Amino acid sequence: MGFEELLDQVGGFGPFQLRNMVLMALPRILLPLNFLLPVFLAAVPSHHCALPGTPVNVSHQDLWLEAHLPRETDGTFSSCFRFAHPRTLLNTTLGREAQSSGKLEGRVSTIPCSQGWEYDNSEFSSTIATEWDLVCEHRGLNKVTSTLFFVGVLVGAVVFGYLSDRFGRRWLLLVAYVSSLLLGLASVASVNYVMFTITRTFTGLALAGFTVIMLPLELEWLDTEHRIVAGVLSSMFWSGGVTLLALVGYLIRDWRWLLLTVTLPSVLGIISIWWVPESARWLLTQGRVQEAQSYLLRCARLNGRPVGQDSLSMETLSKVAATEQVVRRPSYLDLFRTPRLRHVSLCCMVVWFGVNFSYYGLTLDLSGLGLTVYQTQLLFAAVELPSKLLVYLSLRYAGRRPTEVGMLVGTALTFGVRLLVPSETKSRQTALAVIGKAFSEAAFTTAYLFTSELYPTVLRQTGIGLTSLAGRLGGSLAPLAALLDGVWLSLPNIAYGGIALLAACNALLLPETRQAQLPETIQDVERTRLGSNLQSSCLMLQSNWDYKRQSLYPPSAWSCLPIPPHWAPAGWAEGMW
């Protein structure tokens, strides 16, 4: 008997699973609130050089700016330069201040802003860009805050993925809640740019725990039939978080109060841990049979299944645990020891890099669309609902691999078409951005479900941690790629679209998991995803072997694959060779 049979007895989809999905809704909402927060937190409003002596009279201010500030090619005042000497303006009433102080009227030499900047506060009362003057020559520092935040997420994905496979999903989720709360409060209290950057980096590390824990914690309690429905429904909470961010950002215009608002809900998460169940699959792989029995009985009771301790006796569960128990602690090296698992890991890393790179490249850059940042964010949130419905239908009838490939190709095409549309046509640029957002969101949703089904239970958290690492690397580089417009205006879109297309090509190399049971051990991955000829020869060898003596790998994997000798059970070498 395997865990899937146990799950059939206690109920693979019912009130227990629905309650679990609701409990996981909070971290799904918190993630977009923090990941997309730079849209408001680091927004750069219109600005120009601070000019001492600016007239109070509004009717004279434009003439004063005309005398002191050069204009850009689009007719707006320069944000980063001023005239070295004010120009002489004819027929003005500004007095001597607007004269050129003995300089020639035609002189047009400019200098950088030396006395700070004046910002337009009509849209934002305060952002980190206005507080610490992260504009002009310091523009890159504004992007660095987002990059370092995702670097923290990158590191955290590795740390939490490894630790949750060793110590369990539930308690590491509590650690993520507590640490994200404390570090978020520290970010709110930042007194300078360096302190803010450091605390936000570690906040990203803490939030990474949500990304690698919540989906497996749901998935490992679900049967095969309902994984697609549950995965798409759960992803709707992310869309809710995106919509909520647009509303909260509109109502709260000061960055400190905004950051505090998205941080405090972690308190509710800490309280909710009391009702979050540990993964019974994981408990059995660790040999913790009594704890697994307790959670399975609780699941059966909530789902209304007439299952008693006799049906889930310690003896029965011990037999299941014996076939699934991990002989040694998981490590990231285990993801590369066997050919099929190595193939899956490498392809998934490229896919996740491309998904994150294109998604955040599009989502964090809302400039040039002709709408306010609030309107654009709300429009991006609205398009996620039809995107989820498209994912559900495609996953159900086409499969995981065609869906992932199609969505990534769609994302790449929208970036390509944007290169051909003039930047002056704001409506077309906005329409393409919204279509690209729908495709990239669909690719993101599919990647989570697809990856979780590719890895075995004993390494699922570790595998998702590794692929999340690659994904967050893409997310951390996405803001910096936007700076490539200084080299060539079209270069960022070429980079985002090209990487998305590369990810689509790698997704083609992954095996399909539609209507497949979740693999429990590495042996399941190596045995069920081998080529037909190799698989047949391996199974012939396996039939002559006592199945009870295999642990983490089956004899078929050792005989046909380059497994290190120390991974084989005692007597294998002598008996086989």
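Note that the structure is predicted; figures quoted are calculated from it, not measured. (Residues numbered from 1 in each chain as written. Predicted model: local features only at pLDDT ≥ 70, side-chain atom pairs only at ≥ 80, totals over all residues. Heavy atoms only, no water.)

### What about the overall build of the chain?
Note the cut-off: To qualify as a helix, a DSSP run of H or I must reach at least 4 residues; to qualify as a strand, a run of E must reach at least 2; elements of each kind are numbered from the N terminus. Only protein chains enter the accessibility calculation, which uses a 1.4 Å probe; a residue is then buried when its area is under 20% of its type maximum, exposed when over 50%, and partly exposed in between. We call two residues in contact when some of their heavy atoms are within 4.5 Å. Note that accessible areas follow from Shrake-Rupley with a 1.4 Å probe, and for residues the cover is restricted to the protein chains shown.
Assigned secondary structure in the chain consists of 26 helices and four strands. Across the 577 residues of the chain, 55% fall into the buried class. Residue pairs at least 24 apart in sequence account for 79% of intrachain contacts in the chain once pairs closer than 6 positions are excluded. For the chain, the computed accessible surface area is about 24,000 Å², with 63% contributed by carbon and sulfur atoms.

### Side note on the pattern of salt bridges
What counts here: Here a salt bridge means any side-chain nitrogen of Lys or Arg lying within 4 Å of a carboxyl oxygen belonging to Asp or Glu.
A full pass over the atoms with the stated rule returns twelve salt bridges. Across the pair Arg28 and Glu218 runs a salt bridge, and its minimum N-O distance is 3.1 Å. You can see Arg28 sitting in helix H3 (residues 25-35) and its partner Glu218 sitting in helix H9 (residues 193-219), a full 190 residues away along the chain. Considered together, Arg28 and Glu218 belong to a single accessibility category, that of buried residues.

### Comments concerning the confidence of the model for the chain
Operational definition: Across the chain, each position has a pLDDT score giving the predictor's confidence in that residue, from 0 to 100.
Mean pLDDT for the chain: 81, with 84% of residues reaching 70 or above. Helix H11 (residues 255-263) holds the highest mean pLDDT among the elements of the chain, 96, whereas helix H26 (residues 572-576) holds the lowest, 32. Within the model, the stretch residues 94-107 combines pLDDT values under 50 with 22 contacts to residues more than four positions away or in other chains. Contacts of residues 529-577 to residues separated by more than four positions or lying in other chains number 75 contacts, the stretch itself having pLDDT below 50.

### Some words on unusual backbone geometry
Its identity as a non-glycine residue notwithstanding, Cys136 has a phi of 55°, on the positive side. Structurally, the position occupied by Cys136 is in the loop between helix H6 (128-131) and helix H7 (139-167). The exposure class of Cys136 is buried, given its relative accessible area of 18%. Unusually for a residue other than glycine, Gln515 sits at a positive phi of about 60°. For Gln515, the position within the fold is in the loop between helix H22 (491-507) and helix H23 (522-528).

### Some remarks on the nonpolar core
As a reminder, the rule being used: By nonpolar core we mean a set of buried residues, namely Ala, Val, Leu, Ile, Met, Phe, Trp, Tyr and Cys, connected to one another through side-chain atoms within 4.5 Å.
Ranked by internal contacts, the top residues of the largest apolar core, which has 107 residues, are Phe35 and Tyr360. Broken down by element, the residue count for this core peaks at twelve residues, all from helix H16 (residues 339-363). Excluding residues that lie within four positions of it along the chain, Tyr360 makes contacts with Phe35, Leu36, Phe150, Trp238, Phe444, Arg472, Gly475 and Ala478. Core analysis: the next-biggest nonpolar cluster, separate from the first, contains 22 residues, Phe16, Leu296, Leu297 and Ala321 among them.

### As for the state of the cysteines
This is how it is decided: The disulfide criterion is simple: two cysteine sulfur atoms within 2.5 Å.
All told, the structure shown has two disulfides when counted by the stated rule. Here Cys49 engages in a disulfide with Cys113; their sulfurs sit 1.7 Å apart. Given an S-S torsion of about -65°, the disulfide between Cys49 and Cys113 has left-handed geometry. Of this pair, Cys49 sits in strand S1 (residues 47-49) while Cys113 sits in the loop between strand S3 (110-112) and strand S4 (117-119); the two residues are 64 residues apart in sequence, bridging distant segments of the chain.

### A few points about the environment of Thr513
As for its position among the elements, Thr513 is in the loop between H22 and H23. According to the relative accessible area criterion, Thr513 is buried, its value standing at 1%. Sequence separation of Thr513 and Arg400 is 113 residues, and the distance between their C-alpha atoms is 6.6 Å.

### Brief notes about helix H19 (residues 400-420)
As a reminder of what qualifies: Here, expected helix span is obtained from the residue count minus one, scaled by 1.5 Å.
Between the first and last C-alpha of H19 there are 31 Å, a value that for 21 residues agrees with the 30 Å anticipated at 1.5 Å per step. Every buried residue of H19 is accounted for by Arg400, Thr403, Glu404, Val405, Met407, Leu408, Gly410, Thr411, Ala412, Thr414, Phe415 and Arg418. Packed against the buried residues of H19 are helix H10 (227-251), H16, helix H18 (384-397), helix H20 (426-454) and H22.

### Details of a nonpolar patch on the surface
Quick reminder of the rule: Candidate patch residues must exceed 30% relative accessible area and have no salt bridge, after which like charges are joined if within 9 Å and Val, Leu, Ile, Met, Phe, Trp or Tyr side chains if within 5 Å.
A grouping of Leu419, Leu420, Val487, Trp488, Leu489 and Ile494 is seen on the molecular surface, where their side chains present a nonpolar patch of about 670 Å² in accessible area. For Leu420, a relative accessible area of 72% corresponds to the exposed category.

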